[in-house]
Structures are given as C-alpha cells and as structure tokens.
Amino acid sequence: MTPVLSIQGSATSLNCLPEGKLIVLTGPSGVGKGTLVRALLQRHPELYFSISVTTRAPRPGEIHGKQYYFVSRSEFQQMIEQNKLLEWAEFAGNYYGTPRDTVLEQISKGKCVLLEIELEGARQICQSFPDAKRIFIMPPSLAELEQRLRGRGQDSPEAIARRLQRAKDEISAASEFDIQIVNDDFDTALDAIASAVFSFCGSA
Ligand SMILES: Nc1ncnc2c1ncn2[C@@H]1O[C@H](COP(=O)(O)OP(=O)(O)OP(=O)(O)O)[C@@H](O)[C@H]1O
Ligand SMILES: Nc1nc2c(ncn2[C@@H]2O[C@H](COP(=O)(O)O)[C@@H](O)[C@H]2O)c(=O)[nH]1
C-alpha cells in the first residue's frame, strides 16, 4: 500500500504527500496542455513545473533544460536503471520521464508541483501518489485536435498520424481522472484549470 520513495538518500513514506501537493495534467498530444500550462505559470509563478527528460530531438527554438532535458536513448536507459525517474513511458517513438529527485524535493518543500505528461505516465503517478489531483484535458473534437497538431507545424505527417492514433485511446481513458476540462475556448479552459489547481493546493 505504501510506496517508499527516496529523497536525497532518506526513505520517506509517500502514500500521502508529506508537505506539498502534486497535480498531474494529461490529455492527447496537441490538445493544448503545454500552452495552458505556460499561461498558468505566467499567472502563478509560485507553482513548480517539472521539466521532463526525453529522447525526442529538440524542435526549433527548444532549449535543453527549459522545455525538456534532451538525452540519448542510452542515457535515458541509464536513468531508468538508476531509478532516477518517478515515471516514464514511450510515446510516438520516443521516451519521456519525470526526474525523481527534483520533484520529491519540491514536494517536501511544500510546493504545488505540476506534471504535464501522457496517459501511461499519469497512470503510474496515480498509483504511486493516490493523493495527487488528476486533470484530463479534452479536445472539442478529433477534427479540431488534428487541426491543432497540423497548425502547430512541429511534427512530420507520420508523427501526427501516430499521435492521433494514440489520442483515441487516451480520450477513452478520460473518466479515470478527477476532472475533465474541454479546451475549446482557451481562457475558459485556463480559468477551469486555475480553479482546480487552487482549490486543491490552496495558496500554494
Ligand atoms: N483553445 C485553443 N484553441 C485553439 N488552438 C489552441 C487552443 N489551445 C491550444 N491551441 C493550439 O494548439 C496547438 C497545440 O498546443 P500545445 O502544443 O500546447 O499542445 P500539447 O497538448 O501540449 O501537445 P503535446 O502533448 O504534443 O506537447 C498549439 O498551436 C496551440 O497554440
Ligand atoms: N510519461 C511522460 N510523458 C511526458 C513527459 N513529458 C512530456 N510528456 C508527454 O509526451 C507527449 C509528447 O510530448 P511532445 O513534447 O513530444 O509533443 C505529450 O503528451 C507530453 O505531455 C514525461 O515526463 N513523462
């Protein structure tokens, strides 16, 4: 029942979060999670956003340590073996994971910590942290999702097809989450996320 996680060498029982709060935000690729999170962090810089590790190649303008920590597949494999990731998953041909120590450190400092991750990783986090708040972002329709992925202009047609294929399974899992928010009108969705975050975290 009680997962034991290590913070800087000390064992800490985390079946409930000791100080801070953890929020998991998921939803299909292209739904607008990243754009919503960036807007939320601008409004509320007191939140802590976890920067993930990935084997995906950087897109134009992406900077190591800002959007992601970009690593090779062998480096990612080493991180798994050394238990440095709180969760990880393969998504559309690349690996993604959440660095363990920084997240646990921020939680232990009482921060409200935000993870923006795909479904499999979100499920892992929900198992390890049953007290985490789980938010699912829905697209208004699959056609609009495709439009957003194409409009973003960052992925090849093959990568977009893989992401859309996966989106169908992800959307059917939305009811596993505490809250479902449709990102149709951006400001309405942002207000709904802010309200969910702060009713859970208090003043963070
Ligand atoms: N409410 C909205 N209405 C129209 N376009 C939107 C809306 N929200 C986000 N977008 C646009 O949709 C595109 C995809 O958004 P974004 O990159 O944030 O998605 P994502 O869910 O983070 O994707 P991924 O999981 O692949 O990182 C962007 O071009 C963004 O500007
Ligand atoms: N399981 C995890 N998924 C993650 C993590 N960081 C990001 N993601 C998700 O990956 C997809 C694709 O992202 P993209 O930047 O290549 O478009 C998207 O759904 C992200 O939410 C993570 O640490 N773990």
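Residues numbered from 1 in each chain as written. Chains lettered and ligands numbered in written order. Predicted model: local features only at pLDDT ≥ 70, side-chain atom pairs only at ≥ 80, totals over all residues. Heavy atoms only, no water.

(A) Here's a closer look at the UniProt feature "binding site: ATP" (unreviewed entry) in the protein chain. When the UniProt feature table is mapped onto this chain, "binding site: ATP" (unreviewed entry) is found at Gly27, Pro28, Ser29, Gly30, Val31, Gly32, Lys33 and Gly34. Mapped onto the fold, Pro28 is located in the loop between strand S3 (21-26) and helix H1 (33-43). For Pro28, the residues in contact, after removing those within four places along its chain, are Lys33, Phe136, Ile137, Pro139, Leu145, Ala167, Glu170 and Ile171. For Ser29, a relative accessible area of 7% translates into the label buried. Leaving out residues up to four positions away in the same chain, Ser29 has contacts with Phe91, Leu145, Leu149, Arg152, Arg163 and Glu170. (UniProt positions renumbered as here; feature names shortened; annotations may be inferred. Helix = DSSP H or I, 4+ residues; strand = E, 2+ residues; numbered from the N terminus. Contact = heavy atoms within 4.5 Å. Buried < 20%, exposed > 50% of the residue type's maximum accessible area, 1.4 Å probe, protein only.)

(B) Fine view of the sheet that holds strand S6 (residues 68-70). Pairing is mixed in the open sheet, where 4 strands are placed in the order S6-S5-S8-S7. The sheet is open, and its two edges are formed by S6 and strand S7 (85-91), each paired on a single side. Strand after strand, the sheet turns through a mean of 25° between neighbouring axes, direction not considered. In this structure, strand S5 (residues 52-54) lies alongside strand S8 (residues 94-99), joined through 2 bridges in antiparallel fashion. By the bridge assignment for S8, Val53 is matched with Gly97. In the packing of helix H2 (residues 73-81) onto the sheet, contacts are made with S5, S7 and S8, and the angle to S7 comes to roughly 140°. (Pairing = 2+ DSSP bridges. Axes fitted to C-alpha atoms, helices over the stretch in contact; angles between N-to-C directions.)

(C) Highlighting the packing of helix H5 (residues 142-152) against helix H6 (residues 157-172). Interaxial distance between H5 and H6 falls to 11 Å at its minimum, and their mutual angle equals 145°. In the packing of H5 onto H6, the handedness of the crossing is right-handed. In this structure, H5 contributes Leu142, Leu145, Glu146, Leu149, Arg150 and Arg152 to the contact, and H6 contributes Ile160, Arg163, Leu164, Ala167, Lys168 and Ile171. Grouping the amino acids of the contact of H5 with H6 by side-chain chemistry returns 7 nonpolar, no polar and 5 charged. (Left-handed = near helix turned anticlockwise from the far one by under 90°. Nonpolar A, V, L, I, M, F, W, Y, C, P; charged D, E, K, R; others polar.)

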